[in-house]
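These are the residues of each chain, in order.
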Amino acid sequence: MAIKLVAHRELCHGCGNCVVACPVNASKSTEIAGGKGTSGDVEPVILVDDGAIKINRSKECKECATCVKACPVGAIALEVVE
Ligand code: SF4
Ligand code: SF4
């Protein structure tokens, strides 16, 4: 059993709150932390892609749940997996 970050793209409205809130994203780029998106070769842990949340670098996620708390619609979650 393990905890895994899961994206529910069908619920997401692409606000980007979680992307901005993620401390790992912020450590990679002040632009991401400032809500300006990505640039160059920065690879965020999570990002909004085609209007919905995408987990881009799951192995870099620290499972801190900051993104989960930042999401108003429950579209990103830490879930128990087998
Ligand atoms: S749970 Fe992972 S993706 Fe979410 S804010 Fe924490 S480090 Fe970032
Ligand atoms: S997962 Fe939630 S906080 Fe993140 S972009 Fe989608 S709706 Fe916004």
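Right above here is the structure, for reference.
Anyway, here's the lowdown on the structure attached to this text. (Residues numbered from 1 in each chain as written. Chains lettered and ligands numbered in written order. Predicted model: local features only at pLDDT ≥ 70, side-chain atom pairs only at ≥ 80, totals over all residues. Heavy atoms only, no water.)

## So, the overall build of the protein chain
Rules: Where helices and strands are cited, they refer to DSSP runs of H or I of at least four residues and of E of at least two residues respectively, numbered from the N terminus. Put simply, the radius of gyration uses C-alpha atoms, and a globule should come to 2.2 Å times the residue count raised to 0.38. When a residue's accessible area, from a 1.4 Å probe over protein chains only, is under 20% of the maximum for its type it is buried; when over 50% it is exposed; and in between it is partly exposed. Here a residue-residue contact requires only that any non-hydrogen atoms of the pair lie within 4.5 Å. By the counting scheme adopted, Arg and Lys are positive, Glu and Asp are negative, and His together with the chain ends is not counted. Lysine's charge is taken at NZ, arginine's at CZ, aspartate's at CG and glutamate's at CD.
In terms of regular secondary structure, the protein chain is built from four helices and four strands. For the protein chain, the C-alpha radius of gyration of 12 Å lies close to 12 Å, the compact-globule estimate for 82 residues. C-alpha extents for the protein chain along the principal axes are approximately 35 × 25 × 20 Å. Taking all 82 residues of the protein chain together, 29% fall into the buried category. Across the protein chain, contacts joining residues at least 24 apart in sequence account for 60% of those joining residues at least 6 apart. Counting 9 positive and 10 negative side-chain charges, the protein chain places the averaged centre of each group 4 Å from the other.

## Describing the site of ligand 1
Just so we agree on the cut-off: Definition of nearness: a residue and a molecule or strand are near each other if at least one heavy atom of the residue lies within 4 Å of the molecule or strand. Side-chain classes are defined by residue name, with Ala, Val, Leu, Ile, Met, Phe, Trp, Tyr, Cys and Pro counting as nonpolar, Asp, Glu, Lys and Arg as charged, and the others, Gly among them, as polar.
Around ligand 1 sit 13 residues in total, of which Cys22, Cys61, Lys62, Cys64 and Cys67 are the nearest. Where the shell around ligand 1 is concerned, the elements lending two or more residues are α2 (23-28) and α4 (66-70). Grouping the amino acids of the shell around ligand 1 by side-chain chemistry returns ten nonpolar, one polar and two charged.

## Thoughts on the environment of Asp50
Along the polypeptide, Asp50 turns up in the loop between β2 (46-49) and β3 (52-55). Here Asp50 falls in the exposed class, since its relative accessible area comes to 74%. Distance from Asp50 to Ile76, taken between C-alpha atoms, is 16 Å for residues 26 residues apart in sequence.

## Notes on the pattern of salt bridges
Operational definition: When a carboxyl oxygen of Asp or Glu is within 4 Å of a side-chain nitrogen of Lys or Arg, the pair counts as a salt bridge.
All told, the structure shown has two salt bridges when counted by the stated rule. Across the pair Lys28 and Glu60 runs a salt bridge whose closest N-O atoms are separated by 2.6 Å. Placement of the pair is Lys28 in helix α2 and Glu60 in the loop between β3 and α4, with a sequence separation of 32 residues. Take Lys28: its relative accessible area is 32%, and that puts it in the partly exposed class. Residues Arg57 and Glu43 are paired through a salt bridge, measuring 3.8 Å at the closest nitrogen-oxygen approach. One end of the pair, Arg57, is in the loop between β3 and α4; the other, Glu43, is in the loop between α3 (30-33) and β2, with 14 residues separating them in the sequence. Residue classification places Glu43 among the partly exposed positions, given a relative accessible area of 33%.

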